[in-house]
Amino acid sequence: MKIQITPEKTIGDIQTAFHEEFPYLKLVFFSKPHRAVTGTHAKFLIEDWNTKIGDMVAVARSGFLTLLPNTRTFDIERIFENEFGLFVQVMRKSGDMWLITTVTDQLTLEEQNAKGRASEHVNFLPEDEYDYREQE
């Protein structure tokens, strides 16, 4: 998938495009960077979806960001930072919660999305006709 980044685009525009391609993942934007296997403190989270990219960086760059399913999570986060000066973290759906993927940054976007999809079925138990109370 390709996401167009321009100074006029908002965080919400980018988050929506990303989430449409990877429905069990989302991007969150921060005002400070993070490094591999660490997260950014919540106080640096940019929550306003209407924040324009041009308002987040000193020199806003335009271009296309290609996100391939087989790209590692941390590599995507670095591309956002190196190419556009944006500090993002990928989050993965886990049941009813969203987890920051710092521990699993080496997984690809496709693998992260699959883990998120699988988390919807954590309480699934196959039917078992055997009655365990009948054991001696």
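These lines cover the structure that appears in this document, whether it is placed above or below. Position numbers for residues count from 1 along each chain, tracking the sequence in the order it is written. Thresholds applied to this predicted model are a pLDDT of at least 70 for local features of residues and 80 or more for the giving and counting of side-chain atom pairs; totals over whole chains, interfaces and linings are not thresholded and use all residues. To get the side-chain values, all heavy atoms of the structure are used, and hydrogens and water are removed first.

1. Considering the overall build of the protein chain
Rules: Only DSSP runs of H or I with at least four residues qualify as helices, and only runs of E with at least two residues qualify as strands; both kinds are numbered from the N terminus onward. Exposed residues in this analysis have more than 50% of their type's maximum accessible area, buried residues have under 20%, and partly exposed residues fall in between, with area computed by a 1.4 Å probe over protein chains only. The contact rule is simple, with two residues in contact once any of their heavy atoms fall within 4.5 Å. Surface accessibility in these figures is a Shrake-Rupley result with a 1.4 Å probe; residues are shielded only by whichever protein chains are displayed.
Looking only at helices and strands, the protein chain features three helices and six strands. Secondary structure elements of the protein chain occur, N-terminal to C-terminal, as β-α-β-β-β-α-β-β-α. Residue burial in the protein chain is summarised as follows: out of 136 residues, 38% are buried. Put simply, 66% of the contacts in the protein chain that link residues at least 6 apart link residues at least 24 apart. Carbon and sulfur atoms make up 50% of the accessible area of the protein chain, which totals about 8,500 Å².

2. Things to note about the nonpolar core
For the record, the criterion: Definition of nonpolar core: a set of buried residues of the types Ala, Val, Leu, Ile, Met, Phe, Trp, Tyr and Cys, connected through side-chain atoms within 4.5 Å.
Ile5, Phe18, Phe29 and Phe80 are the most contacted members of the largest nonpolar core, which has 21 residues in total. Secondary-structure elements contributing two or more residues to this core are β1 (2–5), α1 (11–21), β2 (25–30), α2 (73–84) and β5 (87–94). Among residues more than four places away in sequence, those in contact with Phe29 are Ile11, Ile14, Gln15, Phe44, Leu45, Ile46, Ile53, Met56, Leu86, Phe87 and Val88.

3. Observations regarding the pairing of β5
Defined as follows: Strands qualify as paired when DSSP identifies two bridges or more between them.
As paired elements, β2 and β5 share six bridges and run antiparallel to each other. Among the inter-strand pairings, Leu27 is bridged to a residue of β5, identified as Val90. Bridging between β5 and strand β6 (residues 97–100) involves four bridges; their strand directions are antiparallel. From the neighbouring strand, Lys93 faces β6, where its bridge partner is Trp98. Connecting β5 to the antiparallel partner β6 that follows it, the hairpin turn spans two residues, and Gly95 within it adopts a positive phi of roughly 65°.

4. Focus on α2
The condition is simple: The span one expects for a helix is its residue count, reduced by one, times 1.5 Å.
Helix length check: α2, at twelve residues, gives a terminal C-alpha distance of 17 Å against a target of 16 Å (1.5 Å per residue), a fit within 8%. In this fold, the buried residues of α2 make contact with β1, α1, β2, β4 (63–66), β5 and α3 (109–119). Positive backbone phi, at 70°, marks Gly85, one or two positions downstream of α2.

By themselves, these figures tell us nothing about what the structure is for.
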